[in-house]
Amino acid sequence: MITLRDRRTGELFDRWSDFGEKRRRLMERSWAGVFRDHLLDELPVDDLCRHFDDRLGRPSKDFHVVVGVLLLQQLHDLSDAATVEALAFNMAWHYALDVRSEADSYFCEKTLRNYRRLFIAHGLDEELFRHLTDRLVQAFSVDTSRQRMDSTALRSAMRALTRLGIVVETISKFARELERRHPGLYRLIDDDVIARYVVREGNGAFANTSPSVSKRRLGEAGQDLLALAMQFRDTPAAKLSSFAILERVLRDQFEIFDDQRGDRETKRAAIRDPKDVPCDTVGNPSDPDASYNAHKGQGYMAQVVETYREDDNDDEGCAAIPDLITHVAVHKMTVHDGHRLPDALDDLSVRSLTPAMMLGDSHYGSSDNMALTRARDIDLVAPAPSAKGAASGRLTLEDFILDEQGLVLRCPNKRKPISVSAGKAKLQARFDLSICRACPNMPRCPVQAAKRDGQFARFQYTPTRAANQKRRLYERSDAFREIYRWRAGIEATMSRLKYQMNLAHIRIRGMPAMRYVVNLRALGLNIRRCAAIRP
């Protein structure tokens, strides 16, 4: 049964009158004051009401308190036990949540877990972040015309495993779940497999494997993995989540071949070459949603967009305005940052927060994103991707002098081309091959001898590369540096999310739980920022 307190009717007596003037002012200027004044009545309790009956069942907790407690737990990074204690005894929590009765001042841990599970299952955390952030933007008159975007890697509560460790933990996880759900099928597993992967005792246990023989043992573990997959594929065990992980690990880490032994045909699992293992393979069966990135490791990627102000010359008498996070999204490590910009702009557009200027690093500065933002009247300020061949020390298009149409005027050695031409897909410049061969830059020059006409050297490039050359030249100017220097401020936001809001040490696993935590902690950081500038 749904319980909603009437918060529009004021109280006859001020329950906080016993607070002295200084304590009352301190409370009102803290995060508790921001939450009570601007967010408590705006909590999207209607989204929670859809999952309960108006008349049937035991009366629920007041939904304003429920949603508030889930948010404050992430704002302070508390365990369930510490959250229950804070709700029962912390006066700042009582003030923020406007607790008026004994029933609202106590949750058992199971109740807290049940409501959190409901939030995660239905994605209510995303709606909570959007709705309350929009409310803070309005309440504090935040200018959303200038925003900046960046990403950060997050790691869930899992440990890094070797390839052998992944297989061992996968078989162990499947065997334990099979024992709980289907004890009869569990007894069909060979005793040696149980000893190696579940009990892990004796000389055959894979826990005793030394690095020198790990590759050989990985092959043996692969055969055990294949045998279990074939044994239980057509049984009720195939519906278990751990069996799906087992099949996925087998597919990603091994290649399956037919092995002819006499008159009998069997299956054999051969170890895949490490470079053939996909990046989104299971790195730990405890968190199969996590993926791998060679640059940032294993875990998840979070995209963050926030407002900013060019406040170098602010007058001391001007009212302070906070920088607020307007968009967060969590995705796999295997998705490039540039591919997430359209989704961020769509989200901001739906909420009427579309910026006039967006700052980002070079990952967001692709030609496709530049065209997209131009079509939406957004000025995307991001460095162009690195020039082709620059990392290896070769000459690039940036070393050539181009005209306004992107055609070559002079090469790096100040030579004029014999002819230039422009097509829809390619631009071309032709040089005298005899002069090019005598040039000291020839070994690292992109100009190549023409295949059909041996008297000429040819240099071809795309219009996109010519446009990027103009962008890179502009990036060297003081005007670009003056605008782009404000992008660095988002690095401080990432640091605060990781170390003040403690996203660097998360106690959860799985994509839905990761999204829940990131959304609510980003909202918590917004609340702290608003509290920091209250007079």
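### Overview of the overall build of the protein
Turning to step 1, where the next piece is worked out: Looking only at helices and strands, one finds 20 helices and 14 strands in the protein.
Turning to step 2, where the next piece is worked out: The globule rule puts the C-alpha radius of gyration for 535 residues at 24 Å, and the 30 Å found for the protein is more than 25% above it.
Turning to step 3, where the next piece is worked out: The principal-axis extent of the C-alpha atoms belonging to the protein is close to 95 × 85 × 40 Å.
Turning to step 4, where the next piece is worked out: Of the contacts made within the protein by residues no fewer than 6 positions apart, 70% connect residues no fewer than 24 positions apart.
Turning to step 5, where the next piece is worked out: Carbon and sulfur atoms make up 49% of the accessible area of the protein, which totals about 27,900 Å².
Turning to step 6, where the next piece is worked out: Between the centroid of the 84 positive side chains of the protein and the centroid of its 75 negative side chains there is a distance of 5 Å.

### What about the nonpolar core?
Turning to step 1, where the next piece is worked out: With 84 residues, the main nonpolar core has Phe35, Leu97, Leu497 and Ile527 as its most contacted residues.
Turning to step 2, where the next piece is worked out: Examining the composition of this core, we find that twelve residues originate from one element, helix H20 (residues 511-532), more than from any other.
Turning to step 3, where the next piece is worked out: Apart from the residues lying within four places of it in its own chain, the contact partners of leucine 497 are Val304, Ile325, Asn502, Leu503, Arg521, Ala522 and Leu525.
Turning to step 4, where the next piece is worked out: Formed by 32 residues, the second largest nonpolar core is a distinct cluster that contains Tyr197, Ala221, Ile245 and Val249.

### Section: the pairing of strand E12 (residues 427-432)
Turning to step 1, where the next piece is worked out: Note that strand E11 (residues 419-422) and E12 share four bridges and pair antiparallel. If you follow serine 419 over to E12, its bridge partner there is arginine 430.
Turning to step 2, where the next piece is worked out: Summarising the sheet, E12 and strand E14 (residues 456-461) pair through six bridges and their orientation is antiparallel. Counted as the bridge partner of glutamine 428 is glutamine 460 from E14.

### Topic: the packing of aromatic side chains
Turning to step 1, where the next piece is worked out: Considering all chains together, one arrives at twelve aromatic pairs under this definition.
Turning to step 2, where the next piece is worked out: With a centroid separation of 5.7 Å and an interplanar angle of 55°, the aromatic rings of phenylalanine 174 and phenylalanine 243 are classed as tilted. Within this pair, whereas phenylalanine 174 is found in helix H9 (residues 163-181), its partner phenylalanine 243 is found in helix H13 (residues 241-253), the two being separated by 69 residues in sequence. Accessibility assignment for this pair places phenylalanine 174 and phenylalanine 243 in one class, buried.
Turning to step 3, where the next piece is worked out: An aromatic cluster of three or more residues is present, and its members are Phe52, Phe63, Phe107 and Tyr115.
Turning to step 4, where the next piece is worked out: When the ring centre of phenylalanine 19 is taken as reference, the NZ or CZ atom of arginine 23 above it lies at 4.2 Å.

### Quick look at the packing of helix H8 (residues 124-139) against H20
The geometry of a pair of packed helices is captured by two quantities: the angle between their axes and the separation between those axes.
Turning to step 1, where the next piece is worked out: At a closest axis distance of 9 Å, the pairing of H8 and H20 adopts a crossing angle of 15°. By the angle between their directions, the pair H8 and H20 is classed as roughly parallel. When the axes of H8 and H20 are compared, the crossing they make is left-handed. Between H8 and H20, the contacting residues are Asp125, Glu126, Leu128, Phe129, Leu132, Thr133 and Leu136 on the first element and Arg515, Tyr516, Asn519, Leu520, Ala522, Leu523, Asn526, Ile527 and Cys530 on the second.

Rules used throughout
Residues numbered from 1 in each chain as written. Predicted model: local features only at pLDDT ≥ 70, side-chain atom pairs only at ≥ 80, totals over all residues. Heavy atoms only, no water. Helix = DSSP H or I, 4+ residues; strand = E, 2+ residues; numbered from the N terminus. Rg over C-alpha atoms; globule rule 2.2 N^0.38 Å. Contact = heavy atoms within 4.5 Å. Areas by Shrake-Rupley, 256 points an atom, 1.4 Å probe, with all protein chains shown as cover. Lys, Arg positive; Asp, Glu negative; His and termini not counted. Charge placed at Lys NZ, Arg CZ, Asp CG, Glu CD. Core = buried A, V, L, I, M, F, W, Y, C linked by side-chain atoms within 4.5 Å. Buried < 20%, exposed > 50% of the residue type's maximum accessible area, 1.4 Å probe, protein only. Pairing = 2+ DSSP bridges. Phe/Tyr/Trp six-rings, centres within 6.5 Å; stacked < 30°, edge-to-face > 60°. Lys NZ or Arg CZ within 6 Å of the ring centre and 35° of its normal. Axes fitted to C-alpha atoms, helices over the stretch in contact; angles between N-to-C directions. Parallel < 35°, antiparallel > 145°, perpendicular 65-115°, else oblique. Left-handed = near helix turned anticlockwise from the far one by under 90°.

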